[in-house]
Amino acid sequence: MGDGALAAANVAALAVVLAAAYRPLGDYLAHVFTSARHTRAEKVLYRAVGVDPEGRQPWPAYLRAVLAFSLAGLALLYLLLRTQHLLPGSLGLPALRPDLAFNTAVSFVANTNWQAYSPEQTVGYAVQAAGLAVQSFLSAAVSLAVAAALIRGLAARGASTTGPATTGPATTGTGTIGNFWVDVTRSTLRVLLPASVVVAVVLLAGGVVQNVAGFTDVTTIAGGTQTIPGGPVASQEAIKMLGTNGGGFFNANSAHPFENPTPWTNLFQVFLLLVIPVCLPRTLGTMVGDQRAGRVLLWTMAALFGLVYVSMTVFELAGAGTVPQLAGAALEGKEQRFGIVGSTLFATATSGTTGGAANSMHGSYTALGGMMLLLNMMMGEVAPGGAGSGAYAILVMVVIAVFLAALLLGRAPVYLGKRIGVRELQLVSVFILIMPTLALGGLAVSLGITPVRAQILAGTGNTGAHGLTEVMYAFVSAAVNNGSAFAGLSANTPWLNTTLGILILLGRFLPIAVVLALAGSFARQEPTTTTATTELPVHRPQFVGLLVALVLFVALPMFLPYLMLGPLAEGVGR
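The structure presented is a predicted model; accordingly, all values stated were derived computationally and were not measured.

Trainee: Tell me what's going on with the overall build of the protein chain, and back it up with residues and numbers.
Mentor: What the protein chain contains, in helices and strands, is 20 helices and four strands. For 574 residues, the compact-globule estimate of 2.2 N^0.38 gives 25 Å, and the C-alpha radius of gyration of the protein chain, at 23 Å, lies within 12% of that figure. Projecting the C-alpha coordinates of the protein chain onto the three principal axes gives extents of approximately 75 × 55 × 50 Å. Split into buried and exposed, the 574 residues of the protein chain put 58% on the buried side. The contacts in the protein chain between residues at least 6 apart in sequence include a share of 78% that link residues at least 24 apart.

Shown next, in the form of structure tokens:
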């Protein structure tokens, strides 16, 4: 089978399984966030922490709960990392340095999972299971909760007549958007945890290891000795992919055969990265009572995903240079069992979500192929975005698109019965500026300080345009909460650990604050009465095209100068 046919077959298989999951999972997520019933386990948890599950929160209270919950997780994880040498199952590994512990704790709490260390040589089983894996669940649950809160704001239609006070449609005029503690508990216990158990069993059947064997010394064919690490990989791989976390048990991440043994497990892991983000548009449609709104988001996500995947695959198959031409493609840094097609599909999924996992070395991609990875993150990770974060990011773009289209066509700027006014525009304008300001600002400050610049340049694996791309990739990945690395950059330094950690924190919680404020603004509005002649039709293919163009238009001008100095200069100059 040729590469083109193989790519088409992979995409077709992925589309079929995602389509099969779209309706049942999307509707189930809507049920989770609107159900009137609390399970027995949930009631026990609410009593234990002193939470009233029937209380409804306005957006400031919801935000305070998000911040308090995340701060507590950050402190506990930092403590585990700093006291690792005292814990059982540490495998004799020492505690992490303060700067590395801070960076790691921030990264996992913020659903970024940036790893400036080699996991199998740095953290033991206690930290992996009780620290990193737990935060992989909880950070994904927080993202889902925030997405549910925004959808509730859009779904508010006067006094709620269905669902309990905490999870049913918000009551207009009150500005309440649900209860964070209920949302995060349900996301964890009803969605992520049971799904991860099933996924872990499937991964075990596919050859992913699950043990507590520690390090095993084996004799190689050549007569040498090699140390093979083991560990509870399958259980953590499940939530790593399903929660779009991306932090690998091994340094090679999903390129390691213990994490991703075969081509079918590779395709399955891509499915896991995409399934929740892809199904959330259905959740939106169900909760607001208009599936056309969800389909617009779905087709926009699909168009952007296809644009990146096709372009990246073409660039890698047509890799310039003597060695790639002799090999038939740019195969450096890619696993033979996955090939070009399996590697670029995985890379498109991981850079288009907050996944950050990798089954190939991104720094070994061609200049233009690597540029597509960067572009996927620079678009704000809306193709299809993280589990929860992708939904609220693309809804922000929808608000901008509705206002611009209405302004141009003389229609009412109304989306799902909610008028888009000055406050809403101010909020979405701040949202789209946060990530580029953090990424480019952090990069500029770091390269503007002479000793820091010298340290960063000394730690890059390449010079010139490719070296700049390595550094740029790290700052964009941190600011957008992706967590993948271009490789080649030695990021485990006090400056980069601290700086990237701060960018990760701000890149996580500033957008969440804006989104929750937007949800509260929508929830306070009474539904707007419009007619077919005054309301903008936002469910047609033309609006999908506008939304795709808007995402590209917002991303490209802000980053184009840096792309011209980095991957474009490298790719076009050859």
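Trainee: Tell me about the pattern of salt bridges, and name the residues and values.
Mentor: By the definition in use, this model includes 10 salt bridges. The shortest N-O distance in the salt bridge between Glu42 and Arg190 comes to 2.7 Å. Highlighted residues: Glu42 in helix H2 (residues 40-49) and Arg190 in helix H7 (residues 180-205), separated in sequence by 148 residues. Across this residue pair, the class does not change: Glu42 and Arg190 are buried. Linking Asp290 and Arg292 is a salt bridge whose minimum nitrogen-to-oxygen distance equals 3.2 Å.

Trainee: Which residues make up empty space enclosed by the protein, and what values do they have?
Mentor: Scanning all chains against the criterion turns up three cavities of 30 Å³ or more. Its boundaries defined by the atoms lining it, the largest cavity holds a volume of some 390 Å³. Taken together, 30 residues line the largest cavity, and the ones lying closest to its centre are Gly380, Ala393, Phe431, Met435 and Val480. Elements with a contribution of two residues or more to the lining of the largest cavity: helix H14 (389-409), helix H15 (422-448), helix H18 (494-524) and helix H19 (541-565). The residue makeup of the lining of the largest cavity, split by class, is 20 nonpolar, eight polar and two charged. Space inside the second largest cavity adds up to approximately 90 Å³. In terms of lining, the second largest cavity is formed by 14 residues, of which the most central are Phe108, Gln128, Gln236, Gly247 and Gly248.

Trainee: I'd like a description of the environment of Ala349, backed by residues and values.
Mentor: Relative to the helices and strands, Ala349 is located in helix H12 (residues 339-352). In this structure Ala349 comes out as buried when scored by relative accessible area, which is 0%. Separated by 223 residues in the primary sequence, Ala349 and Ala126 have C-alpha atoms spaced 30 Å apart. Beyond its immediate chain neighbours, meaning those up to four positions away, Ala349 contacts Val270, Leu273, Leu274 and Phe305.

Trainee: Can you explain the confidence of the model for the protein chain? Please cite residues and give values.
Mentor: Per-chain confidence: the protein chain averages 92 in pLDDT, with 94% of residues scoring 70 or above. Scored below 50 in pLDDT, residues 159-164 shows 13 contacts in the model against residues more than four places distant or in partner chains.

Trainee: Can you break down a nonpolar patch on the surface residue by residue, with the values?
Mentor: On the surface, a cluster of nonpolar side chains totalling about 390 Å² of accessible area is made up of Leu45, Leu189, Leu193, Val197 and Val201. With four residues, H7 is the single largest residue contributor to the nonpolar patch. Counting through the fold element by element, Leu193 comes out in helix H7.

Trainee: I'd like to hear about the nonpolar core, residue by residue, with values.
Mentor: Grouped together as the largest cluster of nonpolar side chains are 170 residues, with contacts concentrated most on Leu192, Ile276, Leu284, Tyr415, Ile512 and Leu516. Ranked by residue count, the leading element in this core is helix H6 (residues 125-155), at 17 residues. When residues no more than four places from it in sequence are discounted, the contact partners of Leu516 are Trp59, Tyr62, Leu63, Val66, Val146, Ala149 and Ile177.

Trainee: Pulling in residues and values, what's your account of the packing of helix H1 (residues 3-34) against H12?
Mentor: Running from N to C, H1 and H12 cross one another at 40°; their axes reach a closest spacing of 9 Å. The pairing of H1 with H12 is recorded here as oblique in orientation. Remark: the crossing between H1 and H12 carries right-handed chirality. Residues Asp3, Leu6, Ala7, Asn10 and Leu14 of H1 pack against Val341, Gly342 and Leu345 of H12. When the residues that make up the contact of H1 with H12 are grouped by side-chain class, the tally is five nonpolar, two polar and one charged.

Trainee: An account of unusual backbone geometry is needed here, citing residue identities and associated values.
Mentor: Note the cis peptide between Ala383 and Pro384, where omega equals 0°. Mapped onto the fold, Pro384 is located in the loop between helix H13 (367-378) and H14. A positive phi is found at Asn481, a non-glycine position, where the angle reads about 60°. Within the fold, Asn481 resides in the loop between helix H17 (464-479) and H18. Residue class for Asn481 comes out buried when judged on its relative accessible area of 6%.

Trainee: Outline the pairing of strand S2 (residues 225-229), listing residues and values.
Mentor: With five bridges joining them, strand S1 (residues 215-219) and S2 adopt antiparallel strand pairing. Within S2, the position partnered with Thr219 by the bridge is Thr225. What sits between S1 and S2 in their antiparallel hairpin is a turn of five residues, with Gly223 showing a positive phi close to 95°.

Trainee: How would you explain the environment of Leu368 if you had to name every residue and give the values?
Mentor: Examined against the element boundaries, Leu368 turns out to sit in helix H13. Leu368 sits in the partly exposed class, given a relative accessible area of 24%. Sequence spacing of Leu368 and Thr122 is 246 residues, and the spatial spacing of their C-alpha atoms is 34 Å. In this structure Leu368 touches Phe315, Pro567, Leu568 and Gly571, once residues within four positions along its chain are discounted.

Conventions used here
Counting starts from 1 at the beginning of each chain's written sequence and moves along it residue by residue. A pLDDT threshold of at least 70 governs which residues receive local features in this predicted model, and a stricter bar of 80 or more applies before side-chain atom pairs are shown or counted, although totals over entire chains, interfaces and linings include all residues. Side-chain measures here rest on the full set of heavy atoms in the structure, leaving out hydrogens and waters. Runs of H or I in DSSP of at least four residues are treated as helices and runs of E of at least two as strands, each being numbered from the N terminus. Note on method: radius of gyration uses C-alpha positions; expected globular size equals 2.2 Å times residues raised to 0.38. Between buried and exposed lies partly exposed: a residue is buried under 20% and exposed over 50% of the maximum accessible area for its type, with that area taken using a 1.4 Å probe on protein chains only. Whether two residues are in contact is decided by their heavy atoms, any of which lying within 4.5 Å being enough. Criterion for a salt bridge: a side-chain nitrogen of Lys or Arg within 4 Å of a carboxyl oxygen of Asp or Glu. Only protein atoms enter the calculation, which uses a 1 Å grid: trapped sets of points that fit a 1.4 Å probe without letting it out are cavities, open sets showing protein on both sides within 12 Å along at least five of seven lines are pockets, and any residue with an atom within 4 Å of a point is a lining residue. Grid points are joined across faces, edges and corners, and a volume is the space filled by probe spheres set on the points. Only Asp, Glu, Lys and Arg are considered charged, only Ala, Val, Leu, Ile, Met, Phe, Trp, Tyr, Cys and Pro nonpolar, and every remaining residue, Gly among them, polar. Per-residue confidence from the predictor is reported as pLDDT, a score between 0 and 100. Grouping into patches uses exposed residues only, defined as over 30% relative accessible area, and leaves out salt-bridged ones; the cut-off is 9 Å for like charges and 5 Å for nonpolar side chains (Val, Leu, Ile, Met, Phe, Trp, Tyr). Computed with a 1.4 Å probe, the accessible areas rest on the Shrake-Rupley method; for each residue, only the protein chains presented here act as cover. For our purposes a nonpolar core is just a set of buried Ala, Val, Leu, Ile, Met, Phe, Trp, Tyr and Cys residues, chained together by side-chain atoms within 4.5 Å. Helix axes use the C-alpha atoms of the stretch in contact, all axes being lines fitted to C-alpha atoms, and the angles between their N-to-C directions lie in the range 0 to 180 degrees. Every angle not falling under 35 degrees, over 145, or within 65 to 115 is termed oblique; those three ranges are roughly parallel, roughly antiparallel and roughly perpendicular. Each crossing gets its hand from how the near helix is turned against the far one by less than a right angle, where anticlockwise is left-handed and clockwise is right-handed. Paired strands, as defined in this entry, are two strands with at least two bridges between them according to DSSP.

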